[in-house]
Amino acid sequence: IALSNTIKIKAGPTSSFNVNDDTVCAGEPVTVVFTGYGETTDSYFWYFGDATILSGNGQGPYNITWNTGGIKKISLYVYSNTLALYSDTTDHYVFVDKIISGISSSGKTTVCEGDTVTLFSFINNGCRYQWLFNSDSIIGEINPIYKAYQTGDYSVVTTNFFTACSVTSQPIHITVGEKDFPIDFSGNSQFITSPPFAVAFNNLTPETYKYNFKWSF
């Protein structure tokens, strides 16, 4: 008499996963896809550090992003609720390039015609710079220092040579006042024989809101 038994062996969970890119820019979405073995009823213990989860739960897939720079760790281990088994832990590392962009000036941002305001971009290692005037590129101005001589809004685009991550600074407004402009005023005619001498003066200068006036009598 021959007897036979069928034994079914269920595999334990595994925790492998893929990341679509290992070098990204701050704020750029990253897709994480589970490629291991596990049931939908299993428990998935993901670690994303300080990432923001844009979408995903359980097995995934996940879309995440980081607003801070540096080397980021993603980890996963799986627990089989059916077999009461844990998987090994799988780790992936992602480099997030965080560019800091900003502008400072050498002094006042309001100057007279013929004068300039020196603008300094925040310096990032391994980066190139492109200055903008009223959102348009200034041809040939690719250094982190620029001398502004026109009224308008100035900003700078900072781009990493290696990662191609790019950030545009907040604009800084420069005002260049006219050096030669017409000044005019009038005084009402008075026939004066004795003091007090009361004379009314009127400022007739065009667009007086542009200037500060100091009267001397």
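Scroll up for the structure.
First things first, this report covers the structure right here in the doc. (Residues numbered from 1 in each chain as written. Predicted model: local features only at pLDDT ≥ 70, side-chain atom pairs only at ≥ 80, totals over all residues. Heavy atoms only, no water.)

**Overview of the packing of aromatic side chains**
Inspection of every chain in the model, using the stated rule, returns eleven aromatic pairs. Ring geometry for Phe34 and Tyr44: centres 5.3 Å apart, planes at 80 degrees, overall edge-to-face. Here Phe34 is found in strand S3 (residues 30-34), whereas its partner Tyr44 is found in strand S4 (residues 43-47), with ten residues between them in sequence. We note that Phe34, like Tyr44, is buried. When the ring of Tyr146 is compared with that of Tyr154, the centres are 5.8 Å apart and the planes differ by 40 degrees; the resulting orientation is tilted. Grouping aromatic residues by their ring pairs yields a cluster made of Phe17, Trp46, Phe48 and Tyr62. (Phe/Tyr/Trp six-rings, centres within 6.5 Å; stacked < 30°, edge-to-face > 60°. Helix = DSSP H or I, 4+ residues; strand = E, 2+ residues; numbered from the N terminus. Buried < 20%, exposed > 50% of the residue type's maximum accessible area, 1.4 Å probe, protein only.)

**Let's talk about the sheet that holds strand S5 (residues 52-55)**
Sheets are built from strands that pair by backbone hydrogen bonding, the pairs being arranged parallel or antiparallel. Spatial ordering of the open sheet is given by S1-S3-S6-S5, a layout of four strands whose pairing is antiparallel. Strands with a single pairing partner mark the edges of an open sheet, and in this sheet they are strand S1 (17-19) and S5. Adjacent strand axes in the sheet meet at a mean angle of 30 degrees when their direction is disregarded. Two strands pair when backbone bridges link them, and S5 and strand S6 (residues 62-65) are joined in this way by three bridges, in the antiparallel orientation. Bridge assignment links Ile53 to a residue of S6, and that residue is Ile64. (Pairing = 2+ DSSP bridges. Axes fitted to C-alpha atoms, helices over the stretch in contact; angles between N-to-C directions.)

**Description of unusual backbone geometry**
Cis geometry marks the peptide bond from Gly60 to Pro61, where omega comes out at 5 degrees. Along the chain, Pro61 falls in the loop between S5 and S6. Within the chain, Ser135 stands out as a residue other than glycine whose phi angle is a positive 75 degrees.

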